[in-house]
Amino acid sequence: MTMTDLDATAREILRGNDRGGYTIPTAGLYPFQWNWDSAFAAWGFSTFDPDRAWTELETLFSAQWDTGMVPHIVFHKEDDGYFPGPSVWGPGTTPASSGISQPPVAAILARKIHDSVGGTERLRALYPRMLAWHRWWRDWRCPEGVACVTHPWESGRDNCPDWDPGMANVDGSQVGTYTRRDTGHVDASMRPGKEDYDRYIAMVQFGRACGWDQKTILEDGPFLMADPAITFILIRANRDLAAIAETLGEDPTEPLAMAAEIEAALPSIWNDELQAYCARDARTGEFASAISSGAALGLLAGVENAAMEEKLAAMWDRVRYGIPSNDPAADSFDPRRYWRGPTWPVVNALIAIGLTSAGRSAEERRLRKETAELIRSGGFFEYFDPLDATPCGGDRFTWTAAIWLAWANREDA
Ligand code: DGY
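Report follows, based on the coordinates.

About the cut-offs
- Residues numbered from 1 in each chain as written.
- Predicted model: local features only at pLDDT ≥ 70, side-chain atom pairs only at ≥ 80, totals over all residues.
- Heavy atoms only, no water.
- Helix = DSSP H or I, 4+ residues; strand = E, 2+ residues; numbered from the N terminus.
- Rg over C-alpha atoms; globule rule 2.2 N^0.38 Å.
- Buried < 20%, exposed > 50% of the residue type's maximum accessible area, 1.4 Å probe, protein only.
- Contact = heavy atoms within 4.5 Å.
- Areas by Shrake-Rupley, 256 points an atom, 1.4 Å probe, with all protein chains shown as cover.
- Lys, Arg positive; Asp, Glu negative; His and termini not counted.
- Charge placed at Lys NZ, Arg CZ, Asp CG, Glu CD.
- Near = heavy atom within 4 Å.
- Polar contact = N/O pair within 3.5 Å; in protein donor to acceptor, adjacent residues only side chain to side chain.
- 1 Å grid on protein atoms, 1.4 Å probe; cavity = no way out; pocket = protein on both sides within 12 Å on 5 of 7 lines; lining within 4 Å.
- Sits in = over half its atoms within 2 Å of the grid points.
- Pairing = 2+ DSSP bridges.
- Phe/Tyr/Trp six-rings, centres within 6.5 Å; stacked < 30°, edge-to-face > 60°.
- Lys NZ or Arg CZ within 6 Å of the ring centre and 35° of its normal.

1. Details of the overall build of the protein chain
- The helix and strand tally for the protein chain stands at 17 helices and ten strands.
- Since a compact globule built from 413 residues should have a radius of gyration of about 22 Å, the 19 Å found for the protein chain is in line with a globular shape.
- Over its C-alpha atoms, taken along the principal directions, the protein chain stretches across nearly 50 × 45 × 45 Å.
- Classification of the 413 residues of the protein chain by burial places 61% in the buried group.
- Long-range pairs, those at least 24 residues apart, make up 71% of the contacts in the protein chain with a sequence separation of at least 6.
- Total accessible area on the protein chain is roughly 14,900 Å²; 46% of this is exposed by carbon and sulfur atoms.
- Of the side-chain charges in the protein chain, 39 are positive and 59 negative, and the distance between the mean point of each set is 3 Å.

See the structure below:
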């Protein structure tokens, strides 16, 4: 297929996954609106339909809770092809939604969209909503400065070995029976295992039982881990929000202060043994045992660290295509199982934003070429084996199509 054909297919995927004001990640496997998927969808739409790009973000933020939280799934319409659906989460919101959040990439991408296609009034309307969401992160997810997640799904990197220490302490034995739907849509060997799912559901049941009371979840919930990826994303998102504030004539002081507070707490997730920023169990203090692609997002936040970069470069050199989600040298590495090793075009795109900000153009070009090669050879899949480019997970995936249009297929890729 030529690049032009692929552009056309990518646009068709976005249009085809459009359910009217919001885009599903892929038919079957993910039939609702997902939070960070939508922000990437908006970036993709901005390359050919700016109005639709802003609508995607507006629809996402229309599901924002009064607390400022923007849920990780918005269940606009019923669909029994996904588990756990709205009746399992049960926060009683309109529209129905899940009870946790997802990586706050919206401000980063809203700024990019505005820079490339304008839309100042649409951005102005979103600004207070994004600010409220960032405050929610500060108040309910940054108990010691860096960003924590209360469920691996909140990280967006579900079964990454980053979460193994916290997951080991979650009791999944009492969840009762349920039927998974994901393994009916894609190969089970590319998805999280049954024990993971039992624990995921136990955490949802805990949240539901306390009425999604954030104080209870933060203090007594079954899982609380510091996430290097969201920490770096939130620093960047706050700085981008400050830049947006300036564009709009608003006061940037608060988002800048939020970024500075998180940055000051970074030493708490420095793992001396791994020589890298790393996930850490906020309850026990235990670090994850391997470096993950979360560390590679440091440059997004302007964090330059020679020792960590040496580790990341070695991790990248161990594979052929893009940054793997887990270090191939680690025992936990599994090249096709979701976040335990595969490379994710969408994470590569975020890492590339960091590389560009740091002026690392050769590395950015390498990452873009490798990501483009995956999509050219395998199609618009959710993720890929970083060793041999085998396409994995869902096909006709919205965010893969979006990043093809917005980043991977820039002319020199
Ligand atoms: C899933 O169901 O696999 C999702 O990642 C949860 O957000």
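2. As for the site of the ligand
- The immediate surroundings of the ligand are formed by Tyr 30, Trp 34, His 72, Tyr 82, Trp 153, Asp 158, Arg 191, Tyr 197 and Tyr 338.
- In this structure, an oxygen atom belonging to the ligand sits 2.8 Å away from a side-chain N or O atom of Arg 191.
- The contact in question runs from an oxygen atom of the ligand to an N or O atom on the side chain of Tyr 338, over 3.3 Å.
- Look at the ligand: alone it shows 230 Å² of surface, and the protein chains cover 96% of it.
- A molecule is said to occupy a pocket when more than half its atoms come within 2 Å of that pocket's grid points, and by this definition the ligand occupies the largest cavity.

3. Some remarks on the sheet that holds strand E8 (residues 280-281)
- Strand order in the open sheet formed by three strands is E4-E5-E8, with antiparallel pairing between adjacent strands. Edge strands, defined here as strands with exactly one partner in the open sheet, are strand E4 (148-149) and E8.
- Examined bridge by bridge, strand E5 (residues 225-226) and E8 share two bridges and lie antiparallel to one another. Residue Met 225 lies in a different strand from E8, and its bridge partner there is Asp 281.

4. Quick notes on the packing of aromatic side chains
- This model, assessed by the stated rule, comprises 31 aromatic pairs.
- Pairing Phe 45 with Phe 48 gives two aromatic rings, centres 5.7 Å apart and planes at 40°, and the pair type is tilted.
- By relative accessible area, Phe 45 is classed as buried at 0%.
- A residue is classified by how much of its surface remains accessible, and Phe 48, at 23% relative accessible area, is partly exposed.
- Note on Tyr 338 and Trp 344: the rings are 5.4 Å apart at their centroids and 65° apart in plane angle, and the pair reads as edge-to-face.
- Judged by its relative accessible area of 4%, Tyr 338 is buried.
- Residue classification places Trp 344 among the buried residues on the basis of a relative accessible area of 2%.
- If you follow Arg 11 out to its NZ or CZ, it ends over the ring of Phe 48, 5.9 Å from the centre.
- Above the plane of the ring of Trp 316 lies Arg 366, whose end atom (NZ or CZ) is 3.7 Å from the centre.

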